[in-house]
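Each chain, letter by letter, is given below.
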Amino acid sequence: MKIDALQKAAVEVLRRNDRGTFTAPSPRQYPHLWLWDAGFTAIGWAALGDFERAYREIRAAMRGQWRNGMIPHVVFYGWPSAYFPGADIWRSDLAPEAPKDLPTSGITQPPVLAFVVWILFQHDPERQRAEAFAREAFPALQAYHRWLHATRDPDGIGLSCIVHPWESGMDNSPLWDLPLSRVPAEGLPPYQRADAHWVPEEQRPRRSDYDRFLALILHLRSHQYGESGVRSSPFRVYDVLFNALRHRSEEALLAMARALGEPSGEIEEWLERSRAAFQTWLWDRERGFFLDWDGVAGNRIPVIASGGFLALYAGLATSEQAQEMVDRYLRNPAAFAPDGGTRHLVPTVSKMEPGWEPRRYWRGPIWINLNALIAHGVARYGFHELAQEIHQHTLDLIARSGFHEYYDPRTGEGLGIGDFTWSAALLLGWELLSAQ
Ligand code: GLC
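Quick caveat: nothing in here was measured; it's all calculated off a predicted structure.

Novice: Report on the overall build of the protein, specifying residues and quantitative values.
Specialist: A count of helices and strands for the protein gives 16 helices and 9 strands. Rg of the C-alpha trace for the protein: 20 Å, near the compact-globule value of 22 Å for 436 residues, within the 12% margin. Along the first, second and third principal axes, the C-alpha set of the protein runs to 55 × 55 × 45 Å. Long-range pairs, those at least 24 residues apart, make up 71% of the contacts in the protein between residues at least 6 apart in sequence. Put simply, the protein shows about 15,500 Å² of open surface, and 49% of that area lies on carbon and sulfur atoms. Seen as two clouds, the 45 positive and the 53 negative side-chain charges of the protein have centres 2 Å apart.

Novice: Could you give an account of the packing of helix α14 (residues 368-380) against helix α15 (residues 384-401), naming the residues involved and the relevant values?
Specialist: The contact between α14 and α15 brings their axes to 7 Å, and the two run at 165°. Considering their axes alone, α14 and α15 lie roughly antiparallel with respect to each other. Considering how the two elements wind past one another, α14 and α15 form a crossing that is left-handed. Contacts from Ile368, Asn371, Ile374, Ala375, Val378 and Ala379 in α14 reach His384, Leu386, Ala387, Ile390, Thr394 and Ile398 in α15. Of the residues in the contact of α14 with α15, the class split is 9 nonpolar, 3 polar and no charged.

Novice: Explain the environment of leucine 214 to me, and be specific about the residues and the numbers.
Specialist: Turning to its location among the elements, leucine 214 is positioned in helix α8 (residues 207-222). Distance in space between the C-alpha atoms of leucine 214 and arginine 410 is 32 Å, their sequence separation being 196 residues. The residues touching leucine 214, leaving out its near neighbours within four places in the chain, are Phe84, Ile89, Leu188 and Tyr191.

Novice: Got a sec to walk through the site of the ligand? Specific residues and values, please.
Specialist: Around the ligand, the neighbouring residues are Pro25, Tyr30, Trp34, Trp36, Asp37, Gln109, Gly169, Asp171, Tyr361, Trp362, Phe420 and Trp422. In this structure, an oxygen atom belonging to the ligand sits 3.0 Å away from a side-chain N or O atom of tryptophan 36. Glycine 169 has a polar backbone atom sitting 2.6 Å from an oxygen atom of the ligand. Compared with its free state, where it exposes 310 Å², the ligand has 96% of that area covered by protein.

Novice: Describe in detail helix α10 (residues 240-260), supporting the description with residues and values.
Specialist: For α10, with 21 residues, the first-to-last C-alpha span of 30 Å sits near the 30 Å given by 1.5 Å per residue. In terms of burial, α10 is largely enclosed, as 18 of its 21 residues are buried. Sitting at the amino-terminal end of α10 is aspartate 239, which places a side-chain oxygen 3.5 Å from the backbone nitrogen of leucine 241. Within two residues after α10, glycine 261 carries a phi angle of roughly 70°, on the positive side.

Novice: Describe the sheet that holds strand β3 (residues 237-238), and please don't skip the residues or the numbers.
Specialist: Picture the strands of a sheet paired through backbone hydrogen bonds; they go either parallel or antiparallel. An order of β3-β6-β7 is seen for the 3 strands of this open sheet, with the pairing classed as antiparallel. The two strands at the open ends of the sheet, each matched to only one other strand, are β3 and β7 (299-300).

Calculation notes
Residues numbered from 1 in each chain as written. Predicted model: local features only at pLDDT ≥ 70, side-chain atom pairs only at ≥ 80, totals over all residues. Heavy atoms only, no water. Helix = DSSP H or I, 4+ residues; strand = E, 2+ residues; numbered from the N terminus. Rg over C-alpha atoms; globule rule 2.2 N^0.38 Å. Contact = heavy atoms within 4.5 Å. Areas by Shrake-Rupley, 256 points an atom, 1.4 Å probe, with all protein chains shown as cover. Lys, Arg positive; Asp, Glu negative; His and termini not counted. Charge placed at Lys NZ, Arg CZ, Asp CG, Glu CD. Axes fitted to C-alpha atoms, helices over the stretch in contact; angles between N-to-C directions. Parallel < 35°, antiparallel > 145°, perpendicular 65-115°, else oblique. Left-handed = near helix turned anticlockwise from the far one by under 90°. Nonpolar A, V, L, I, M, F, W, Y, C, P; charged D, E, K, R; others polar. Near = heavy atom within 4 Å. Polar contact = N/O pair within 3.5 Å; in protein donor to acceptor, adjacent residues only side chain to side chain. Expected span 1.5 Å × (residues − 1). Buried < 20%, exposed > 50% of the residue type's maximum accessible area, 1.4 Å probe, protein only. Pairing = 2+ DSSP bridges.

Okay, structure coming up:
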């Protein structure tokens, strides 16, 4: 398929999934608003020149913001639905900080909004409108990042922890196998999953993971999603992807503060602290890779997952570290590169990991958003050919299998739900995501 035809098909997916106020990631599988999806989707609308629609997407996400600054990972527009766990499980109404008139989840997701708003600001040809929107969004984004630094750094290490695997966006990654194994899942109320209705179960998280996903929600809910629930959470991980995107967003906040004439000292401090923290806590010299830090166990999680490459997107690696990660992992056929067994870039987990499963959700398949962020990450360090290759692989996957949620790195087969919004949005907005 030619690129024009692909773009036309992508526009159709976006329009079909558009609910007016927000764009559903998939009207059947994910009928509400998800935080990082909203960011990627706005990039797609902007690529089409529809900045008004892009701003509406961001506003819809920010509309769910809690009084303490948190922006939730799901805003339940269109509730009730068949989605599980829905607003009746999350019960944000029990939390004094939550919006009164709009049900949301009680956790967040990778903080992409600030850098997306900065991208929109830079590309909107109508400068007055761009500035007005940036002025509107800036205080909300700043409050969100303050919350990420204050409430989410209980160990005081300069990074933000996640207290549920869903906050990473990579729900059932092998990264969580160890930390999740410590989450007690006895005595759960009976529940019915809805996610394996449209998608074969072998492509979705296991039941044992779901039990723990639910147990963690119930733990946090019993603390009204407040600070005490974070401190006592049996799952507390400082994730590379999450914190790299936080840093990238704070680079954007700094640029925004300067453009708008707002004070920037606090943001500069954040940036300095996380730059140091990435080296102290997350860089693993022996493995030559950025690894997640398990706050409960007090050690790095020894799993090589592609989220590690996002340190490059945020400019957090030295050039030597970037070179080592590319040589030892991204270009290595035993890890992420094609080897005959796999033919496509970039599997979400290194093939050397015992937990690698090429068809199961975040345990190996290729996801388009990560491909885009990794490609721009390596480009930031001068690996332009590699960035180009990842882009080409992405186009080939979409041409072969359509806008799937994820793809089998061996065959390129589309997996999960079809007509997935961010796969379409990022085909359109790939270049806009550049980190340079
Ligand atoms: C799944 C994905 C998550 C995404 C959501 C909506 O939970 O793991 O990353 O945001 O679906 O698409």
